[in-house]
Amino acid sequence: KLHSLILDDPMVSNAKISADGSKVGFVRDNDIYVYDVKSSKTSQLTKDGSGDILNGVFDWVYEEEFSIWDGWQWSPDGKNIAFWKFDQSRVPQFSWMDYMPLNGAIKTIRYPKAGQANSLVKIAVVDIKTKNIKSLDLGKNEDIYIPRMNWVDNKTIAIQRLNRLQNKLDFLIADVNSAKSRILFSETDPAWIN
């Protein structure tokens, strides 16, 4: 049996099937959705996606600096989704002229020049059944990067936290139930951590 996720909406991205094959998660309009294969019903899991709030997709910095595009992951049991959440409202806008269309067009994105404000980042976990969302503890400093995040098991997530200067990398373990995290170890370099 064939199922259509897009239903006349070609802007679906980052679609992935749960491990048991019963659900398909995807991002549309900066929000995360889940399609249930058995019932053929789609549920919206996040509801605040906008031009400034990004759920499950990345801003310009992460795509360019860390070479990552897919901003969410199924838990191994398929009951939860962990995702990056960005608030890019404080990031300055950058505009340019696109000469490819017949009459040209002005394009604008959120793009920080060196030293300007980056997006605020969170790692959140949404329960597929209840739609309850928890933000995991990433520490008090908000001017950070989270270049990597992976499920360890159904209740634990490993997170890499990088400071703005990119010379200190903390490896965190976060408990999904309590949303608390702890540092396993840190790496530092006087110049830059690759």
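Residues numbered from 1 in each chain as written. Predicted model: local features only at pLDDT ≥ 70, side-chain atom pairs only at ≥ 80, totals over all residues. Heavy atoms only, no water.

**Quick notes on the environment of Trp74**
Residue placement: Trp74 occurs in strand 6 (residues 72-74). Polar side-chain contacts of Trp74 include one of 3.1 Å to the backbone oxygen of Lys16. (Helix = DSSP H or I, 4+ residues; strand = E, 2+ residues; numbered from the N terminus. Polar contact = N/O pair within 3.5 Å; in protein donor to acceptor, adjacent residues only side chain to side chain.)

**A look at the nonpolar core**
Residues Tyr62, Ile81, Trp84, Ile146, Ile157 and Ile159 are the most contacted members of the largest nonpolar core, which totals 41 residues. Put simply, the parts of the chain that give this core at least two residues each are strand 3 (31-36), helix 1 (60-66), strand 6, strand 7 (80-87), strand 10 (120-127), strand 12 (144-153), strand 13 (156-163) and strand 14 (168-175). In contact with Ile159, other than residues within four places in its own chain, are Ile123, Leu136, Leu138, Ile146, Arg148, Met149, Asp170, Phe171, Leu172 and Ala174. In terms of nonpolar packing, the next biggest core, distinct from the first, is built from 5 residues, Val12, Val24, Tyr33 and Tyr35 among them. (Core = buried A, V, L, I, M, F, W, Y, C linked by side-chain atoms within 4.5 Å. Buried < 20%, exposed > 50% of the residue type's maximum accessible area, 1.4 Å probe, protein only. Contact = heavy atoms within 4.5 Å.)

**Thoughts on the packing of aromatic side chains**
Tallying each qualifying case throughout the model produces 13 aromatic pairs. Aromatic pair Phe26 and Tyr33: ring centres 5.5 Å apart, planes at 5 degrees, arrangement stacked. The same class applies to Phe26 and to Tyr33, which are both buried. Judged by centre distance (6.2 Å) and plane angle (65 degrees), the rings of Tyr62 and Tyr145 are edge-to-face. Remark: Tyr145 occurs in strand 12 and Tyr62 occurs in helix 1; sequence separation between them is 83 residues. The same class applies to Tyr62 and to Tyr145, which are both buried. Grouping aromatic residues by their ring pairs yields a cluster made of Phe58, Tyr62, Phe66, Trp84, Phe86 and Tyr145. Positioned above the aromatic ring of Trp72, the side-chain terminus of Lys16 is 4.0 Å from the ring centre. (Phe/Tyr/Trp six-rings, centres within 6.5 Å; stacked < 30°, edge-to-face > 60°. Lys NZ or Arg CZ within 6 Å of the ring centre and 35° of its normal.)

**Examining a nonpolar patch on the surface**
Among the surface-exposed residues, Phe94, Trp96 and Ile109 lie close enough to one another that they form a single nonpolar patch of about 230 Å² accessible area. Trp96 gets classed as partly exposed once you look at its relative accessible area, which sits at 35%. (Patch = residues over 30% accessible without salt bridge, like charges linked within 9 Å, V, L, I, M, F, W, Y side chains within 5 Å. Areas by Shrake-Rupley, 256 points an atom, 1.4 Å probe, with all protein chains shown as cover. Salt bridge = Lys/Arg side-chain N within 4 Å of Asp/Glu carboxyl O.)

**A few points about the sheet that holds strand 1 (residues 13-17)**
If you trace the 4 strands from one edge of the open sheet to the other, you get 1-2-3-4, paired in antiparallel fashion. The open sheet is flanked by strand 1 and strand 4 (41-44), the only strands paired with a single partner. Neighbouring strand axes in the sheet, compared pairwise and without regard to direction, differ in orientation by 20 degrees on average. Bridge analysis of strand 3 against strand 4 gives 4 bridges, and the strand direction is antiparallel. For Asp36, the partnering residue across the bridge sits in strand 4 and is Lys41. (Pairing = 2+ DSSP bridges. Axes fitted to C-alpha atoms, helices over the stretch in contact; angles between N-to-C directions.)

**Considering the pattern of salt bridges**
The tally for this structure, following the rule as stated, stands at 9 salt bridges. Salt-bridge contacts for Arg90 lead to Asp143; the nearest nitrogen and oxygen are separated by 4.0 Å. In this pair, Arg90 sits in the loop between strand 7 and strand 8 (93-98) while Asp143 sits in the loop between strand 11 (133-135) and strand 12, placing the two residues 53 residues apart along the sequence. With its nearest N and O atoms 3.3 Å apart, the salt bridge here joins Arg164 to Asp143. Within this pair, whereas Arg164 is found in the loop between strand 13 and strand 14, its partner Asp143 is found in the loop between strand 11 and strand 12, the two being separated by 21 residues in sequence.

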